Amino acid sequence: MKGNEALAEAAIRAGCKCFFGYPITPQTELSAYMAKRMEKSGGVFLQAESEIAAINMVLGAASTGVRAMTSSSSPGVSLKAEGISYMAGSDLPAVIINVQRGGPGLGSIQPAQSDYYQATHAMGHGDFHILVYAPCSVQEMVDVVMLAFDKADQYRIPVMILADGLLGQMMEPVTFPEPRTELPDKSDWAACGHGGKREHHVINSLYLDAPLLEAKVQERFKRYAVIEETETDAELYCCGDAEIVVTAYGASARVAKSAVTAARRKGIQAGLFRPKTLWPFPKKELCEATKHAKQILDVEMSMGQMVDDVRLATECRLPVAFFGRTGGVIPTPEEVLAEIEKLAGGAE
Amino acid sequence: MKKITIITGHYGSGKTNLSVNLALKLADAGEKVTVVDFDIVNPYFRTADFRSLFEAHGITLAASMYANTSLDIPAISFDMERMAYEEGYLIVDVGGDDAGAIGLGRYAPAFADYMPDQLDMWYVVNRYRYLTEAPEEALTLMGEIETVSRMRHTGIVNNSNLGSETTAQTILDAVPYGETVSRQAHLPLVGTTYRKDLSVDLKDGIPVEVYVKPVWES
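About the thresholds
Residues numbered from 1 in each chain as written. Chains lettered and ligands numbered in written order. Predicted model: local features only at pLDDT ≥ 70, side-chain atom pairs only at ≥ 80, totals over all residues. Heavy atoms only, no water. Pairing = 2+ DSSP bridges. Helix = DSSP H or I, 4+ residues; strand = E, 2+ residues; numbered from the N terminus. Axes fitted to C-alpha atoms, helices over the stretch in contact; angles between N-to-C directions. Contact = heavy atoms within 4.5 Å. Buried area = accessible area lost by both parts, 1.4 Å probe. Salt bridge = Lys/Arg side-chain N within 4 Å of Asp/Glu carboxyl O. Polar contact = N/O pair within 3.5 Å; in protein donor to acceptor, adjacent residues only side chain to side chain. Domains from an automatic or database assignment. 1 Å grid on protein atoms, 1.4 Å probe; cavity = no way out; pocket = protein on both sides within 12 Å on 5 of 7 lines; lining within 4 Å. Points joined across faces, edges and corners; volume = space filled by probe spheres on them. Nonpolar A, V, L, I, M, F, W, Y, C, P; charged D, E, K, R; others polar. Core = buried A, V, L, I, M, F, W, Y, C linked by side-chain atoms within 4.5 Å. Buried < 20%, exposed > 50% of the residue type's maximum accessible area, 1.4 Å probe, protein only. Parallel < 35°, antiparallel > 145°, perpendicular 65-115°, else oblique. Left-handed = near helix turned anticlockwise from the far one by under 90°.

Q: Quick rundown of the sheet that holds strand β12 (residues 320-324) of chain A? Include the residues and the values.
A: Backbone-to-backbone hydrogen bonds join strands into a sheet, with any given pair of strands oriented parallel or antiparallel. Residue and element names in this part refer to chain A. Pairing is mixed in the open sheet, where five strands are placed in the order β7-β9-β8-β11-β12. Edge positions in the sheet fall to β7 (234-237) and β12, since each has one partner strand and no second. With strand direction ignored, the average angle separating the axes of adjacent strands in the sheet is 20 degrees. Bridge analysis of β7 against strand β9 (residues 270-275) gives four bridges, and the strand direction is antiparallel. Bridge assignment links Tyr 237 to a residue of β9, and that residue is Leu 272. Contacts between helix α11 (residues 306-313) and the sheet are confined to β8 (244-247), β9, β11 (295-300) and β12, with β11 contributing the most and set at about 155 degrees to the helix.

Q: So what's going on with the interface of chain B and chain A? Which residues, and what values?
A: Listed as interface residues are 23 residues of chain B and, on the opposing side, 31 residues of chain A. When chain B packs against chain A, close to 2300 Å² is buried across both sides, 60% of that on carbon and sulfur atoms. Area buried by chain B at its contact with chain A is led by Tyr 44, Tyr 130 and Trp 216 of chain B, which between them contribute 35% of it. The tally of links between chain B and chain A comes to two salt bridges. Between Arg 129 of chain B and Glu 5 of chain A there is a salt bridge, and its shortest N-O distance comes to 2.7 Å. Put simply, chain B and chain A have four residue pairs in polar contact (both at pLDDT 80 or more) between them.

Q: Explain the domain arrangement of chain A residue by residue, including any values.
A: Residue and element names in this part refer to chain A. As far as domains go, chain A holds domain 1 (3-193 + 208-230) and domain 2 (235-347). At the junction of the two partners, domain 1 supplies 33 residues and domain 2 supplies 26 residues. A per-residue breakdown of the area domain 1 buries against domain 2 is headed by Gln 113, Tyr 116 and Tyr 117, which together make up 29% of the total. One salt bridge in this structure joins Glu 140 and Arg 274, with 2.8 Å as the shortest N-O distance. One can count 19 residue pairs in polar contact (both at pLDDT 80 or more) joining domain 1 with domain 2.

Q: Tell me about the layout of surface pockets, residues and numbers included.
A: Reported here for the largest pocket is a volume of approximately 970 Å³. Lining of the largest pocket is provided by 42 residues; of these, Met 171 of chain A together with Asn 161, Gly 163, Val 210 and Val 212 of chain B occupy positions nearest its centre. Of all elements in the fold, only α1 (15-28) and β7 (189-195) of chain B reach the threshold of two or more residues within the lining of the largest pocket. Considering only residue class, the lining of the largest pocket consists of 15 nonpolar, 17 polar and 10 charged.

Q: Explain the nonpolar core to me, and be specific about the residues and the numbers.
A: Residues and elements named next belong to chain A. Of all hydrophobic cores here, the largest spans 115 residues; its most connected members are Met 34, Met 69, Met 160, Ile 161 and Ile 340. Among the elements that make up this core, the one with the highest residue count is helix α6 (residues 138-155) (10 residues). A domain split of this core shows at least three residues from each of domain 1 (3-193 + 208-230) and domain 2 (235-347). Residues within four places of Met 34 in sequence aside, it is in contact with Ala 8, Ala 11, Ile 12, Phe 19, Phe 45 and Met 69.

Q: Could you give an account of the packing of helix α3 (residues 51-63) of chain A against helix α4 (residues 74-89) of chain A, naming the residues involved and the relevant values?
A: Residues and elements named next belong to chain A. Close contact between α3 and α4 brings their axes to 8 Å; oriented N to C, the two are set at 25 degrees. Our classification of the angle between α3 and α4 gives roughly parallel. Of the two elements, α3 crosses α4, and the hand of that crossing is right-handed. Across the interface between the two elements, Glu 51, Ile 52, Ala 54, Ile 55, Asn 56, Val 58 and Leu 59 from α3 touch Gly 76, Leu 79, Lys 80, Gly 83, Ile 84, Tyr 86 and Met 87 from α4. Here the contact of α3 with α4 is built from residues that sort into nine nonpolar, three polar and two charged.

Quick look at the structure:
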């Protein structure tokens, strides 16, 4: 199945009842799939007049307690930033998908990973975080959509799935889980009608009283601390004795894995560390993966963004080299292997 | 093969891979071949990605510049009507679904003037492709493509596969599916594709190489 369609089908199976979006390459098949299937599954599909309208529709739907989602690609996600901040400030769960393309500006329509900073460090104004997942296969995109809706509800936060054009467009076999029948009860906070039988619920992000807002934000950060403690996830490949650990996520991790396998065949002790959560960044897991490492090579489809988190997580104990292609250019396994060999040569 | 072969199907059903294989086979037999990349809805995994392979085999590629610009505006920058009357074979790799076949409708009158015995329009199906798993679903989409393209298919190609997980059994299990689609569509089954390295014994098998794949698959 195609990556974009798998994301959409998984959302429907996760109990998503409202999809609001605006078409943009390379995620359009996701919206197209929703247009065809959402109504048949008893939900609502609406093509909004803009990305800004779409994210605010998600805000409205999420306020009533239903599972809601929007998707876009890089320039469209920038437009959604305000709404995502409002949702974080209103403690609203929702899933936002970014099938990244090259930037800045309109950029290109080919795959990129240059929205890492945006997703993990600055997805809008104000003191807040969102959970960010980084799948690397069509199957993992399915699994992570199911998980994203659950975690959004559990912590009452927006959750982002940071994919890229290559993952969205590629075909791979997938197995779908059974559709969710029981969803979390949100009746203690959702604005879903009180029938005159209780106090009304307020969904709001405006607090004119500064100490009150401070208390709200501090409470939210206690939740973030729990997320940082419990929700990190990463894949370690051949890291046990690795002297050179390659760090990469998403599609570039697939490229890096091929390069690591090729390096092993040449007798180089290389390994791959692939974060599955980008925020929170899996620090413990990276320290475990680099126990025997002498060097790290970070590979991205950007000019180097995650590389900063890699340096922070390892507290600059290890030299971190970087190799990236950007603007929609995909690095090849051969290029990455050459970088690994360069480091291996230098270490001897 | 007839002079003109138009290839349609679901997104990711394997249209491009089939087009590349057909073109190479003809070119290697010494025929003059032009491949038209008529996918104007999706900039990924297109026949235009095989420009250098085509050049090495003397195949002419007609493709719009869509994938190389930053504008999300599809455009056709070549003259397909003229190409249809030029010497040699013409393979038209159409975009996925009915959305991808809309542009074809603009050429329907020109192709209608063409000798029917020299034009084929094949519908590519994959039994393992979500949303076309049931023959009825595949037929619905086929009808939608015919509506927007204002043209009729002349054959079915069974391209059932599970990507890199495909085995000989995967292919054999999908043979009845191809036959059912063909029967219900009242169209002949052109053949069933299988990867060359799999030993599959089929009476109308079409051996293919896999050219369309991500960079990390060698």
